[in-house]
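Fold and contact review
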Protein chains: 2
Amino acid sequence: MRFTSEQRLDDGVLEREFTLDGIPGILWTPATASPSAPVPLILLGHPGGLQRMYPRLLDRARQSAADGFAAATVELPGSGDRPRSAVTEQARADLRRAMAAGEPVGAEIVDRLVLPLVEQAVPEWRAALDALLALPGIGGPVGYSGGVIAIGTRLALVEPRIAAAVLFAGSFVPAATVEEARRVTVPLHVLLQWDDEGNDRQASLDLFDAFGSAEKTLHANLGGHTGVPRYAGDAAAQFFGRHLR
Amino acid sequence: MRFTSEQRLDDGVLEREFTLDGIPGILWTPATASPSAPVPLILLGHPGGLQRMYPRLLDRARQSAADGFAAATVELPGSGDRPRSAVTEQARADLRRAMAAGEPVGAEIVDRLVLPLVEQAVPEWRAALDALLALPGIGGPVGYSGGVIAIGTRLALVEPRIAAAVLFAGSFVPAATVEEARRVTVPLHVLLQWDDEGNDRQASLDLFDAFGSAEKTLHANLGGHTGVPRYAGDAAAQFFGRHLR
């Protein structure tokens, strides 16, 4: 892990960009973090495109820092400056064509779009976790927050350092993810935007139903994909407050 | 309105039982309430049977009082010491028979069970509201919290003094209630117990979808009818904090 930039934000948060095996990422640590007082870490999931997502990621990172948590994110495979995958680009094109034609998006397209992304991204997030937890001032436990929900589900299943997850329902859900969800046991807080244009509400409800966790909560709010209300963010922060301290 | 008992609880809350036109009720006011500093009021809905429901109602009233709100409830028609209705008792018996036989509960039974209750209960709650708001120390705005969800929906629709409602999905939903829900506009916070034995989850989701309110949130938690987790109550309290102050 190599830091490429460092700046102290106005609220005292330290923002550092890094690369890890060529993958760009960002780490935010609260002013309170120190080697003698390491803070829990929240991994910030997103749909890909760190530059485009930066304002919203920063907002979430500031909230995490205010709650005493570090936050970090890495670019997804095939997004931002990372090389495109022919398979994913083809699946994306097929998806756009189906949606433009008003056709239902077939399970086969969803699998082609999401499953290779999960296969590649999850080991990358785990490698980032190794590097981040080795830094002074960053400790456990670790939370995952965000989309892609299939990535969050796989991480919650295979990565024992993830103690709790806030998952954003709002991306396509392969059938294989629903099966994995049945074996997830960490506490979950699922956010669903009720009127998300690009989201299959029933698929999100079915996925929520499938999770094996003894504690799981669904917060559905009126509005589209990017219209998550402020109080929904506050509730997610309270969830991490209960589970990461 | 005639007070029949009065006691100061250990946390300073004043608990008063009353009757209004022969209907029993309970009013809880926080120690801070005074004629010069009137507090908002939360009406505590319930499925009927004040004595049986008392421990849970008291818990909710204490939470309301801690947040600076008065809370009040009245007995439902045909419950507790109030005279039974032949129509409702017959519908209840038909419902039990259908459920015991593992049959789906028909819309006709639901209508017979719930609609007369709504017709009778809503004017009673409104009369109670008139009397309660005339008391020194009780002001507006008013919130409704609880089930029966068809009663809460009707109240939210017809009673302009209701500024916000926390509705418990967990009772049967007549089709007429879904139609009324489309015209409800106050901010709503709907609690759904995901594994509620006696509840049709899909009917609850359809009702949530129908509400016309620009602000509506669904909080679904794992567990059965009475298993609402503490943090779900906290979130509902925060909702009232945003809307009743």
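Residues numbered from 1 in each chain as written. Chains lettered and ligands numbered in written order. Predicted model: local features only at pLDDT ≥ 70, side-chain atom pairs only at ≥ 80, totals over all residues. Heavy atoms only, no water.

Named according to an unreviewed UniProt entry, chain A is Alpha/beta hydrolase originating from Kitasatospora purpeofusca. What the UniProt record of chain A gives under Sequence similarities (unreviewed entry) is the line "Belongs to the AB hydrolase superfamily." (UniProt positions renumbered as here; feature names shortened; annotations may be inferred.)

1. Re the overall build of chain A
The number of helices and strands found in chain A is seven helices and nine strands. Scaling as 2.2 N^0.38, a compact globule of 245 residues should have a C-alpha radius of gyration of about 18 Å, and chain A matches this with 17 Å. The dimensions of chain A, computed from C-alpha atoms along their principal axes, are 55 × 40 × 30 Å. The long-range share in chain A, meaning contacts at least 24 apart out of those at least 6 apart in sequence, stands at 68%. With the model as given, the accessible surface of chain A reaches about 10,200 Å², and the carbon-plus-sulfur share is 53%. For chain A, the distance from the average position of its 23 positive side-chain charges to the average position of its 29 negative side-chain charges is 2 Å. (Helix = DSSP H or I, 4+ residues; strand = E, 2+ residues; numbered from the N terminus. Rg over C-alpha atoms; globule rule 2.2 N^0.38 Å. Contact = heavy atoms within 4.5 Å. Areas by Shrake-Rupley, 256 points an atom, 1.4 Å probe, with all protein chains shown as cover. Lys, Arg positive; Asp, Glu negative; His and termini not counted. Charge placed at Lys NZ, Arg CZ, Asp CG, Glu CD.)

2. Quick notes on the nonpolar core
Within soluble globular proteins, side chains that are nonpolar generally end up buried alongside one another. Formed by 114 residues in total, the largest nonpolar core has its most connected members in Ile151 of chain A together with Ile151 of chain B. Not counting residues within four places of it along the chain, the set of residues in contact with Ile151 of chain A comprises Leu76, Leu117, Val118, Ala121, Val122, Trp125 and Tyr144 of chain A. (Core = buried A, V, L, I, M, F, W, Y, C linked by side-chain atoms within 4.5 Å. Buried < 20%, exposed > 50% of the residue type's maximum accessible area, 1.4 Å probe, protein only.)

3. Some thoughts on the interface of chain B and chain A
On the side of chain A, 19 residues touch chain B, which itself brings 19 residues to the contact. Taking both sides of the interface into account, the surface hidden between chain B and chain A amounts to around 1,700 Å²; carbon and sulfur atoms contribute 55%. A per-residue breakdown of the area chain B buries against chain A is headed by Trp194, Leu222 and Tyr231 of chain B, which together make up 32% of the total. Counting across the chain B and chain A interface gives two salt bridges. The salt bridge partner of Asp209 of chain B is Arg201 of chain A, with a shortest N-O separation of 3.2 Å. One can count 16 residue pairs in polar contact (both at pLDDT 80 or more) joining chain B with chain A. Of all elements in the fold, only α6 (201-210), β9 (216-221) and α7 (230-243) of chain B reach the threshold of two or more residues within the side of chain B that touches chain A. Among the elements that make up the side of chain B that touches chain A, the one with the highest residue count is β9 of chain B (six residues). For the side of chain B that touches chain A, the per-class residue count stands at eight nonpolar, six polar and five charged. Here strand β9 (residues 216-221) of chain A runs beside β9 of chain B; their pairing, made up of five bridges, is antiparallel. Directly across from Ala220 of chain A, in β9 of chain B, lies its bridge partner Leu218 of chain B. (Buried area = accessible area lost by both parts, 1.4 Å probe. Salt bridge = Lys/Arg side-chain N within 4 Å of Asp/Glu carboxyl O. Polar contact = N/O pair within 3.5 Å; in protein donor to acceptor, adjacent residues only side chain to side chain. Nonpolar A, V, L, I, M, F, W, Y, C, P; charged D, E, K, R; others polar. Pairing = 2+ DSSP bridges.)

4. Comments concerning the relation of the copies chain B and chain A
You can overlay chain B on chain A at an RMSD of 0.0 Å; the transform is a turn of 180° with a shift of 0.0 Å along its axis. Expressed as a symmetry operation, the mapping of one chain copy onto the other fits a two-fold axis. Relative to the rotation axis, the C-alpha of His219 of chain B is the closest in chain B, positioned 2.3 Å from it. Taken as a fraction of all interface residues of chain B, those also at the interface in chain A reach 100%, which identifies the copy contact as same-surface. (Least-squares fit on C-alpha atoms with pLDDT ≥ 70 in both.)

5. Let's talk about the pairing of strand β6 (residues 138-146) of chain A
Residues and elements named next belong to chain A. The element β6 is largely enclosed, with a buried count of seven among its nine residues. Taken together, the five bridges between strand β4 (residues 39-44) and β6 define a ladder with parallel strand orientation. Bridge pairing in β6 links Ile42 to Gly143. Of the strand pairs in this sheet, β6 and strand β7 (residues 162-169) are connected by five bridges, and their pairing is parallel.

6. So, the side chain of Thr153 of chain B
Residues and elements named next belong to chain B. Tracing the backbone shows Thr153 in helix α4 (residues 149-158). Owing to a relative accessible area of 0%, Thr153 belongs among the buried residues under this scheme. Setting aside residues no more than four positions away along its own chain, Thr153 makes contact with Leu167, Thr177, Glu180, Ala181, Val184 and Phe211.

7. Remarks on helix α7 (residues 230-243) of chain A
Residue and element names in this part refer to chain A. Between the first and last C-alpha of α7 there are 20 Å, a value that for 14 residues agrees with the 20 Å anticipated at 1.5 Å per step. Taken together, the buried positions of α7 are occupied by Ala232, Ala235, Ala236, Ala237, Phe239 and Phe240. Elements in contact with the buried residues of α7: β4, α1 (50-66), β6, β7, β8 (188-193) and β9. (Expected span 1.5 Å × (residues − 1).)

8. Some words on the pattern of salt bridges
Residues and elements named next belong to chain A. Following the criterion strictly, the structure yields 32 salt bridges over all chains and no others. Here Asp94 makes a salt bridge to Arg112, at a shortest N to O gap of 2.9 Å. Placement of the pair is Asp94 in helix α2 (residues 86-100) and Arg112 in helix α3 (residues 107-133), with a sequence separation of 18 residues. Looking at Asp94, the relative accessible area reads 13%, which means it is buried.

9. Some words on the packing of aromatic side chains
Taken as a whole and assessed by the stated rule, the structure comprises eight aromatic pairs over all chains. An angle of 85° between the planes, with centres 6.4 Å apart, marks the rings of Phe3 of chain A and Phe18 of chain A as edge-to-face. Placement of the pair is Phe3 of chain A in strand β1 (residues 2-8) and Phe18 of chain A in strand β2 (residues 14-20), with a sequence separation of 15 residues. By relative accessible area, Phe3 of chain A is classed as partly exposed at 31%. Owing to a relative accessible area of 1%, Phe18 of chain A belongs among the buried residues under this scheme. Geometrically, the ring pair formed by Phe208 of chain A and Trp194 of chain B is edge-to-face, given 4.8 Å between the ring centres and 90° between the ring planes. A residue pair is termed interchain when its members come from two chains, as with Phe208 of chain A in helix α6 (residues 201-210) and Trp194 of chain B in the loop between β8 (188-193) and α6. For the pair Phe208 of chain A and Trp194 of chain B, a shared accessibility class is recorded, and that class is buried. Taking NZ or CZ as reference, Arg16 of chain A lies 4.6 Å from the ring centre of Phe3 of chain A, over its face. Note that Lys216 of chain A overlies the ring of Phe208 of chain A, its terminal NZ or CZ placed 5.2 Å from the centroid. (Phe/Tyr/Trp six-rings, centres within 6.5 Å; stacked < 30°, edge-to-face > 60°. Lys NZ or Arg CZ within 6 Å of the ring centre and 35° of its normal.)

10. So, the environment of Arg92 of chain B
Considering the arrangement of structural elements, one finds Arg92 of chain B in helix α2 (residues 86-100). In this structure Arg92 of chain B comes out as partly exposed when scored by relative accessible area, which is 27%.

11. Describing the environment of Asp200 of chain B
Residue and element names in this part refer to chain B. Looking at the secondary structure, you find Asp200 in the loop between β8 and α6. Taking the C-alpha atoms as reference, Asp200 lies 9.1 Å from Ala169; in sequence the two are 31 residues apart. Of the polar contacts made by the side chain of Asp200, one reaches the backbone nitrogen of Gln202; its length is 3.0 Å.

12. Some words on unusual backbone geometry
All names here are of chain A. Following Gly147, the chain continues into Val148 via a peptide bond in cis, with omega recorded as -15°. Mapped onto the elements of the fold, Val148 is located in the loop between β6 and α4 (149-158). Of note, Asp21 is a non-glycine position whose phi angle comes to about 50°, a positive value. One can find Asp21 in the loop between β2 and β3 (23-29).

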